[in-house]
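# Tertiary structure, described
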Amino acid sequence: MKNISVIGSGTMGNGIAHVFAQSGYNVSLIDINESALEEAIATITKNLDRMVQKEKISEADKEAALKNISTFTSTEEGVKNADLVVEAATENFEIKKKIFEKMDAHSPEDAILSTNTSSISITKIAAATKRPDKVIGMHFMNPVPVMKLIEVIRGYATSDETTSTIMEMSKNLKKVPVEVNDYPGFVANRILMPMINEAIITLHEGVAGVEEIDTVMKLGMAHPMGPLQLADFIGLDVCLSIMNVLYEGFGNPKYAPCPLLVNMVTAGYLGAKTGEGFYKYTPGSKELVVSGMFN
């Protein structure tokens, strides 16, 4: 397992490419958008520079990591020599299904196909391929270079060999892999997203304000970030998507997304990436200012 292909060069994709490259793997980073690839390499370089400044790695380590990354705008070219393909595209089943069909058609027969999905069924994704025994979930946490956890999710047909290979590889990345089974939301988001949704319901019902809710959870429950700030960081559209997966997967009303969350996403208030969610975000500033909608 030496050649890794990563499909999608956004926040998660470039982070995944970074950790594989830093660990000595040959990485093919694939995105249909050339400018997105350029931006991804700039982000990886900036993150490696930060690690050099903190004396976590040397300048030579940084240069070696960057040399390990090649970029491609063609999936066919990018996966043709892969031992492992990691899909890190948008959290949308139809998009992932099409990508997996391409991955399956153009990757070597013995390649493992993985997805960084945070909630979509591995079994359902695997059904789009001719190698369901070699399909597995690798759910990295954001920011990938910093966070230690990888949820390793077995689909219904995922083989023991595929699972053990990915568990060992995850350890080679200096991550902590945790094996879980394929049910909606897996473990991380099955627990996290209802908490975030309940925080939004608490705000929606006027129990407390944005800062008050986040302060209670930070100071009372020792969370490093309040649930509303975390929702902004994840992306409110992503939170809504995962809540819908849970709601549809279990058919239980406790997973129904809060109407406030639905309205904010519909209106385009998606959190940090759009500049406003529960808080306002100013480029270059780390100061948290509550959105005008909630003042």
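What you see is a predicted model, and the numbers here were worked out from it, not measured in a lab.

## Quick look at the UniProt feature "domain: 3-hydroxyacyl-CoA dehydrogenase C-terminal" (unreviewed entry) in the chain
What UniProt calls "domain: 3-hydroxyacyl-CoA dehydrogenase C-terminal" (unreviewed entry) maps, in this numbering, to residues 185-281. Each end of residues 185-281 is marked by a C-alpha atom, and these two atoms are 28 Å apart; helix forms 62% of the span and strand 2%.

## Points about the domain arrangement of the chain
When the domains of the chain are assigned, the result is domain 1 (3-181) and domain 2 (189-286). For domain 1 versus domain 2, the distance between C-alpha centres works out to 27 Å. Both sides of the domain 1 and domain 2 interface together cover about 470 Å² of buried area, and 55% of this is carbon and sulfur. Considering only the side of domain 1, the residues that lose the most area to domain 2 are Glu91, Ser118 and Ser119, jointly responsible for 63% of the buried surface there.

## Brief notes about the sheet that holds strand β5 (residues 112-115)
Ordered in space as β3-β2-β1-β4-β5-β6-β7-β8, the eight strands form an open sheet in which the pairing is mixed. Among the strands making up the open sheet, the edge pair consists of β3 (69-72) and β8 (176-181). With strand direction ignored, the average angle separating the axes of adjacent strands in the sheet is 25 degrees. Docked against the sheet, helix α7 (residues 160-172) engages β1 (3-7), β4 (84-87), β5, β6 (135-140), β7 (149-154) and β8, running at close to 175 degrees with respect to β7.

## Overview of the packing of helix α1 (residues 11-22) against helix α2 (residues 34-53)
Remark: α1 packs on α2, axes separated minimally by 10 Å, with the N-to-C direction vectors making an angle of 55 degrees. Comparing the axis directions of α1 and α2 gives the class oblique. Note on packing geometry: the crossing formed by α1 with α2 is right-handed. Contacts from Asn14, Ala17, His18 and Gln22 of α1 reach α2 at Ala40, Thr43, Ile44, Asn47, Leu48 and Met51.

## Here we look at a positive patch on the surface
Where like charges cluster on the molecular surface, the positive patch consists of Lys46, Arg50, Lys54, Lys56, Lys148, Lys174 and Lys286. Here lysine 54 is to be found in the loop between α2 and α3 (59-67). A residue is classified by how much of its surface remains accessible, and lysine 54, at 54% relative accessible area, is exposed.

## What to know about the pattern of salt bridges
This structure, assessed with the given rule, holds eleven salt bridges. Note that lysine 96 is salt-bridged to glutamate 87, the shortest N-O span being 2.5 Å. The burial state of lysine 96 is the same as that of glutamate 87; both residues are buried. For the salt bridge of lysine 171 with glutamate 168, the shortest nitrogen-to-oxygen distance reads 3.4 Å. Pair noted here: lysine 171 and glutamate 168 are both in helix α7, with a separation of three residues, about one helical turn. Where salt bridges share partners, they join Asp49, Glu59, Lys62 and Glu63 into one cluster.

What counts and how
- Residues numbered from 1 in each chain as written.
- Predicted model: local features only at pLDDT ≥ 70, side-chain atom pairs only at ≥ 80, totals over all residues.
- Heavy atoms only, no water.
- UniProt positions renumbered as here; feature names shortened; annotations may be inferred.
- Helix = DSSP H or I, 4+ residues; strand = E, 2+ residues; numbered from the N terminus.
- Domains from an automatic or database assignment.
- Buried area = accessible area lost by both parts, 1.4 Å probe.
- Pairing = 2+ DSSP bridges.
- Axes fitted to C-alpha atoms, helices over the stretch in contact; angles between N-to-C directions.
- Contact = heavy atoms within 4.5 Å.
- Parallel < 35°, antiparallel > 145°, perpendicular 65-115°, else oblique.
- Left-handed = near helix turned anticlockwise from the far one by under 90°.
- Patch = residues over 30% accessible without salt bridge, like charges linked within 9 Å, V, L, I, M, F, W, Y side chains within 5 Å.
- Areas by Shrake-Rupley, 256 points an atom, 1.4 Å probe, with all protein chains shown as cover.
- Salt bridge = Lys/Arg side-chain N within 4 Å of Asp/Glu carboxyl O.
- Lys, Arg positive; Asp, Glu negative; His and termini not counted.
- Charge placed at Lys NZ, Arg CZ, Asp CG, Glu CD.
- Buried < 20%, exposed > 50% of the residue type's maximum accessible area, 1.4 Å probe, protein only.

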